[in-house]
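Structural overview for review
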Amino acid sequence: MTDASPYEIKALRAETWPAFDDLVVRHGGIFGGCWCIWFHPDGPERGQGAEANRALKRGYVEAGRAHAALVFDGDEAIAWCEFGTPVELPTIHHRKQYDATKSADPDWRLTCIFIDKRYRRQGITELAIRGALDLIAEAGGGVVEGYPHDLTDQTKKMSSSFLYNGTRSLYERLGFTYDRPKGLKNCVMVKTVEPAVHS
């Protein structure tokens, strides 16, 4: 982040879990207690309620198998962008169509973005995605896919609470290129992230 920005990006890990936890709790568990586990592999905990989801997510985080860029305002997490490998995040919407039209799997996926309701429509989604791309660069870079809403032909405005993965125009501003449609109003966007260079 720049010196002028009041926000800071931190990786989701055991030491930042409490701030992530607080953000989810403040919003009632996110989409009825999902705890951002929908994109992770299926397992017996899935569908067993919010506390089971919470424990599952925490276990993934502590094992280093769940990743996200957290946007902090002071000590409080106010947003996240979840990312991971296709092995870590195999469950995506419109999977059958996606598999039928893909040429190869990406190295990384951006699957879910959530913004604290007090901070929406302030450019935080872009900060969260940039944060995830920076963390991916630190992890060695590679081909990154995002699955935003494609509102190009849509005249009706969509509520920001439903834009769980941003919009096509936002991804284009961040250097992603359009690959193909996915489902009725989503698409696949691709960007190659170079590895971070340390002096």
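I will try to describe carefully the structure that is included in this document. Model, not experiment: these values are computed from the prediction.

Quick notes on the rules
Residues numbered from 1 in each chain as written. Predicted model: local features only at pLDDT ≥ 70, side-chain atom pairs only at ≥ 80, totals over all residues. Heavy atoms only, no water. Helix = DSSP H or I, 4+ residues; strand = E, 2+ residues; numbered from the N terminus. Buried < 20%, exposed > 50% of the residue type's maximum accessible area, 1.4 Å probe, protein only. Areas by Shrake-Rupley, 256 points an atom, 1.4 Å probe, with all protein chains shown as cover.

1. Here we look at the overall build of the protein chain
Along the protein chain, the regular secondary structure elements total five helices and seven strands. Ordered by position from N to C terminus, the α and β elements of the protein chain give β-α-α-β-β-α-β-α-β-α-β-β. Every one of the 199 residues in the protein chain was classed for burial, and the buried ones make up 46%. Surface exposure of the protein chain reaches about 10100 Å², of which carbon and sulfur atoms provide 51%.

2. Description of unusual backbone geometry
Here the phi dihedral of Cys36 falls at roughly 55°; this positive angle occurs in a residue that is not glycine. By secondary structure assignment, the location of Cys36 is in the loop between helix H1 (17-26) and helix H2 (50-62). Positive phi values are uncommon outside glycine, yet His94 reaches one of about 60°. Here His94 is to be found in the loop between strand S3 (76-84) and helix H3 (95-101).

3. Digging into the environment of His198
Among the structural elements, His198 can be located in the segment after strand S7 (186-193). Relative accessible area serves as the criterion here: at 59%, His198 is assigned to the exposed category. Note: C-alpha distance between His198 and Glu138 (60 residues apart in sequence) is 9.3 Å.

Functional significance is not addressed by these values, which are geometric in nature.
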